[in-house]
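# Examining the three-dimensional arrangement
So the chains spell out like this:
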Amino acid sequence: DHARVSASSASGESLFASGKGDIPLVTVNGAVYQMLETPRDVGNSLLGESLGDVALFDEQPSLASPKEMAAGLSNVAEQGAVIYGIKGMPETTVVAAEVDGYMRLFQRVSYAGKGPAGASLEDTFGVRGKVKSAELSGVGELTGEKANEVIAVLLDEAVLASADASARGQYLTVTLENGLRLQLGVSGDMLCGCGGWSCPAFFEAFEAAL
């Protein structure tokens, strides 16, 4: 079964874990991070500083007040669970927290109308110079220096088109040098993570680099 799953992931499967109703998430300072399917357990060597802990466990986070969101809330990590940064990564991009005994990775996303709030794409997807490979579903995969050059175009040129956007079916999957994988949804010339970002230059650069 595992072989089938990994083969299909190359053709555009979401790395994000899904929940019964709301997405599985944690909040840090009001920013929302969605749980990723992999890794199942983030190694201690990757954990950075503690950013606080989960002040409130709430199965329906979309109904939480801004104050509760700011305090630290989750619908998967238990109350009191410590939220960690990842070494060498901006905490505005990824965090980790224990869920059911495993240290899980969470990536910054838009949620319930809450977008990047004035942040750039790089603030919420801070992968510059850290990319091992970048795969655009249905287009191809770049590695090493080429991947970093094309991702730099994305981070330099992306313009916020929509505060809260989601795309399904096509993905930009970035594997980092530390082994972690992050993902943006793709819709037309827009990339969706925390906010929907328009960046035609990125798609041109990607295809040119292949």
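A brief report on the enclosed structure follows. (Residues numbered from 1 in each chain as written. Predicted model: local features only at pLDDT ≥ 70, side-chain atom pairs only at ≥ 80, totals over all residues. Heavy atoms only, no water.)

## Some remarks on the overall build of the chain
In terms of helices and strands, the chain carries 5 helices and 15 strands. For 210 residues, the compact-globule estimate of 2.2 N^0.38 gives 17 Å, and the chain sits close to it at 16 Å. Here the C-alpha coordinates of the chain stretch approximately 50 × 35 × 30 Å along the principal axes. Split into buried and exposed, the 210 residues of the chain put 48% on the buried side. For the chain, the share of sequence-separated contacts (at least 6 apart) that also reach a separation of at least 24 residues comes to 65%. (Helix = DSSP H or I, 4+ residues; strand = E, 2+ residues; numbered from the N terminus. Rg over C-alpha atoms; globule rule 2.2 N^0.38 Å. Buried < 20%, exposed > 50% of the residue type's maximum accessible area, 1.4 Å probe, protein only. Contact = heavy atoms within 4.5 Å.)

## Considering the sheet that holds strand 14 (residues 190–193)
Ordered in space as 10-9-12-13-14-15-11, the 7 strands form an open sheet in which the pairing is antiparallel. What marks the edges here is a single partner per strand, and that holds for strand 10 (140–143) and strand 11 (159–162). Pairwise comparison of adjacent strand axes, ignoring direction, gives a mean angle of 30° for this sheet. Across 4 bridges, strand 14 lies against strand 15 (residues 195–198) in antiparallel orientation. Residue Leu191 lies in a different strand from strand 15, and its bridge partner there is Trp197. On the sheet, helix 4 (residues 144–157) packs against strand 9 (131–136), strand 10, strand 11, strand 12 (171–176), strand 13 (181–187), strand 14 and strand 15 and is oriented at approximately 70° with respect to strand 9. The sheet contacts of helix 5 (residues 200–209) involve strand 9, strand 10, strand 12, strand 13, strand 14 and strand 15, and relative to strand 9 the element is tilted by about 100°. (Pairing = 2+ DSSP bridges. Axes fitted to C-alpha atoms, helices over the stretch in contact; angles between N-to-C directions.)

## Comments concerning the nonpolar core
In terms of nonpolar packing, the biggest core is built from 47 residues, with Ile151, Leu154, Leu172 and Phe202 touching the most fellow members. At the level of elements, strand 7 (94–99), strand 8 (102–108), strand 9, helix 4, strand 12, strand 13 and helix 5 are the ones that each hand at least two residues to this core. It is helix 4 that provides the largest number of residues to this core, a total of 5 residues. Sequence-distant contacts of Phe202, that is, excluding residues within four places in its chain, are made with Leu136, Val150, Ile151, Val153, Leu154, Leu172 and Leu191. With 14 residues, the next largest nonpolar core counts Met35, Ile83, Ala97 and Phe106 among its residues. (Core = buried A, V, L, I, M, F, W, Y, C linked by side-chain atoms within 4.5 Å.)

## Brief notes about a negative patch on the surface
A contiguous patch of negative charge, built from Asp41, Glu78, Glu98 and Asp100, is present on the exposed surface. Along the chain, the position of Asp100 falls in the loop between strand 7 and strand 8. (Patch = residues over 30% accessible without salt bridge, like charges linked within 9 Å, V, L, I, M, F, W, Y side chains within 5 Å. Areas by Shrake-Rupley, 256 points an atom, 1.4 Å probe, with all protein chains shown as cover. Salt bridge = Lys/Arg side-chain N within 4 Å of Asp/Glu carboxyl O. Lys, Arg positive; Asp, Glu negative; His and termini not counted. Charge placed at Lys NZ, Arg CZ, Asp CG, Glu CD.)

## Description of helix 4
The end-to-end C-alpha distance of helix 4, which contains 14 residues, comes to 20 Å, matching closely the 20 Å that a straight helix rising 1.5 Å per residue would cover. Restricting attention to buried positions, one finds in helix 4 the residues Ala147, Asn148, Val150, Ile151, Ala152, Leu154 and Leu155. (Expected span 1.5 Å × (residues − 1).)

## Some remarks on helix 5
Among the residues of helix 5, Phe202, Phe203, Phe206 and Ala209 are the ones counted as buried. When helix 5 is viewed along its axis, its buried side chains cluster within an angular range of 135° and face the same direction. Residues Glu204, Glu207 and Ala208 are exposed on helix 5 and point more than 90 degrees away from its buried face. Elements in contact with the buried residues of helix 5: strand 9, strand 10, helix 4, strand 12, strand 13 and strand 14. (Arc of directions from axis to C-beta.)

## Here we look at the pattern of salt bridges
All told, the structure shown has 3 salt bridges when counted by the stated rule. Of the charged contacts in the structure, one is a salt bridge between Glu37 and Arg40, with a shortest N-O distance of 3.7 Å. Assessed through its relative accessible area of 33%, Glu37 is described here as partly exposed. Put simply, Arg128 and Glu122 hold a salt bridge, and the shortest N to O gap is 2.8 Å. Here Glu122 falls in the partly exposed class, since its relative accessible area comes to 26%. Put simply, Glu122, Arg128 and Asp156 are held in one network by salt bridges that share partners.

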